[in-house]
Amino acid sequence: MKLPTRATEVTVSNRTVIRVLLITVATFLVFRFVADVSHILELVFIAAFLALALNPTVRWISQKLRLKSRAAATGIAYLAVMIILIAFTSLVVPPLVRETVDFVQGLPQTISNLKDNSTAAGHFVQRYHLGDQVDGLSQNLKDRTKNIQQPVISTASRVGSALISIITVFVLTFMMLVEGPDWIARFWGLGFRNNEETKHDQALVSQMYRIVTGYVNGQLLLAVIGSGLGLVALLIASTLLNVSVNAVALAGILLITGLIPMIGHLIGAVIVVIACAFVSLPLAIIMAIFLLLHQQIENVSLQPYIQAKYNELTPLLVFIAALLGIAFGGLLGAFVAIPAAGCAKILFQDYLSRRKATQPN
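Since the model is a prediction, treat every value here as computed from it, not as a measurement.

A. Spotlight on the overall build of the chain. Check the secondary structure of the chain and you find 13 helices and 0 strands. Going from N to C terminus, the chain has its helices and strands arranged as α-α-α-α-α-α-α-α-α-α-α-α-α. Burial statistics for the chain: of 361 residues in total, 27% are counted as buried. Long-range contacts, defined here as pairs at least 24 residues apart, represent 70% of the contacts in the chain between residues at least 6 apart. Total accessible area computed for the chain in this model is approximately 24500 Å², and 69% of it derives from carbon and sulfur atoms.

Structure follows, in structure tokens:
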């Protein structure tokens with residue numbers, strides 16, 4: 001027996017259609033707006049992160065010098081940071097760029113010297129009849145590196161854009177440091193929550209603030225210690241082996257890469273060892289052993305003590321947070337991901353404790 005079928009009609013009013021269209025258009029415009037201002041939002045986020053990191057220094061200067069003006073304390077802190085950055089840049093960047101250019105320009109001749117029978121590499125080339133391949137590679141490198149300054153000149157616009165972004169971050173950070181406490185005081189004074197809830201929220205914010213500042217200061221301390229020990233090791237090893245190497249520039253590389261969590265020291269060690277290998281193979285071996293030992297000692301002593309003291313995260317969570325940060329935001333994301341994970345842990349634990357407190361026994 002065949003059951004009768006009933007037709008179902010769906011009526012959509014004009015108001016519903018217009019509402020759906022408006023929501024769709026509004027959603028598109030919001031995503032478009034976020035995409036257009038994503039770079040600005042990134043600069044604001046970086047400035048806020050730097051303001052949190054520098055705030056303890058500004059407060060310490062204000063207390064020690066008994067300055068009533070927070071702008072004056074911020075200016076002194078900025079002046080100290082600028083002096084350090086200028087000194088570091090003048091010591092590290094010019095010799096590093098000069099040696100890189102010299103190395104690239106001399107690379108064709110280095111490859112041509114592989115045909116020298118007095119060396120093991122030359123003997124290998126002659127034995128397997130690789131002379132033509134070596135000549136072709138050398139000529140190709142000469143063609144590519146004879147005008148090496150031209151690409152540098154062509155990237156002037158990118159350098160200018162980067163300088164504008166850096167200046168913008170510095171200005172935003174300065175303004176946040178000066179006006180930040182007043183804005184926070186106004187926010188807590190709005191009175192949209194009762195006193196107990198306000199005190200609870202202030203305690204949470206204080207914990208997250210300690211995590212961010214502790215992480216930044218700890219990572220900077222680890223980078224300074226690693227680069228300082230690397231500089232001493234480079235100076236001693238190069239003196240004993242009687243070879244010339246720019247120890248300051250290589251130590252600067254260790255300092256910069258040391259700011260990257262988890263993998264920064266490994267990246268710096270690889271760069272330094274490769275640079276030393278072009279000068280002296282024994283020096284490269286000594287630095288590889290030293291940097292490997294230093295990394296192992298730091299991983300089991302300094303880093304857990306300094307970072308775990310503030311973040312309260314297990315090594316697994318730290319590693320996962322760093323990987324996710326790299327995937328979403330590159331090196332900047334990796335640097336921010338770990339304190340962000342620590343703050344998320346505090347919020348999650350607070351949520352669980354509040355939920356448990358509201359449940360009946």
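B. Layout of helix H8 (residues 195-241). When the terminal C-alpha atoms of H8 are compared, their 68 Å separation across 47 residues agrees well with the 69 Å that a helix rising 1.5 Å per residue should span. Asn242, located one to two residues past H8, shows a positive phi value of around 60 degrees.

C. The arrangement of the packing of aromatic side chains in detail. Taken as a whole and assessed by the stated rule, the structure comprises 2 aromatic pairs. Seen in terms of ring centroids, Tyr78 and Phe174 are 5.4 Å apart; in terms of plane orientation they differ by 80 degrees. Their pairing is edge-to-face. You can see Tyr78 sitting in helix H3 (residues 70-112) and its partner Phe174 sitting in helix H7 (residues 156-188), a full 96 residues away along the chain. In this structure Tyr78 comes out as buried when scored by relative accessible area, which is 15%. Site record: aromatic cluster; members linked through ring pairs are Tyr78, Phe170 and Phe174.

D. Representation of unusual backbone geometry in the model. For Asn242, which is not glycine, the phi torsion reads 60 degrees and is therefore positive. Of note, Asn242 is situated in the loop between H8 and helix H9 (247-258). On the accessibility criterion, Asn242 (72% relative accessible area) is exposed.

The rules behind each value
- Residues numbered from 1 in each chain as written.
- Predicted model: local features only at pLDDT ≥ 70, side-chain atom pairs only at ≥ 80, totals over all residues.
- Heavy atoms only, no water.
- Helix = DSSP H or I, 4+ residues; strand = E, 2+ residues; numbered from the N terminus.
- Buried < 20%, exposed > 50% of the residue type's maximum accessible area, 1.4 Å probe, protein only.
- Contact = heavy atoms within 4.5 Å.
- Areas by Shrake-Rupley, 256 points an atom, 1.4 Å probe, with all protein chains shown as cover.
- Expected span 1.5 Å × (residues − 1).
- Phe/Tyr/Trp six-rings, centres within 6.5 Å; stacked < 30°, edge-to-face > 60°.

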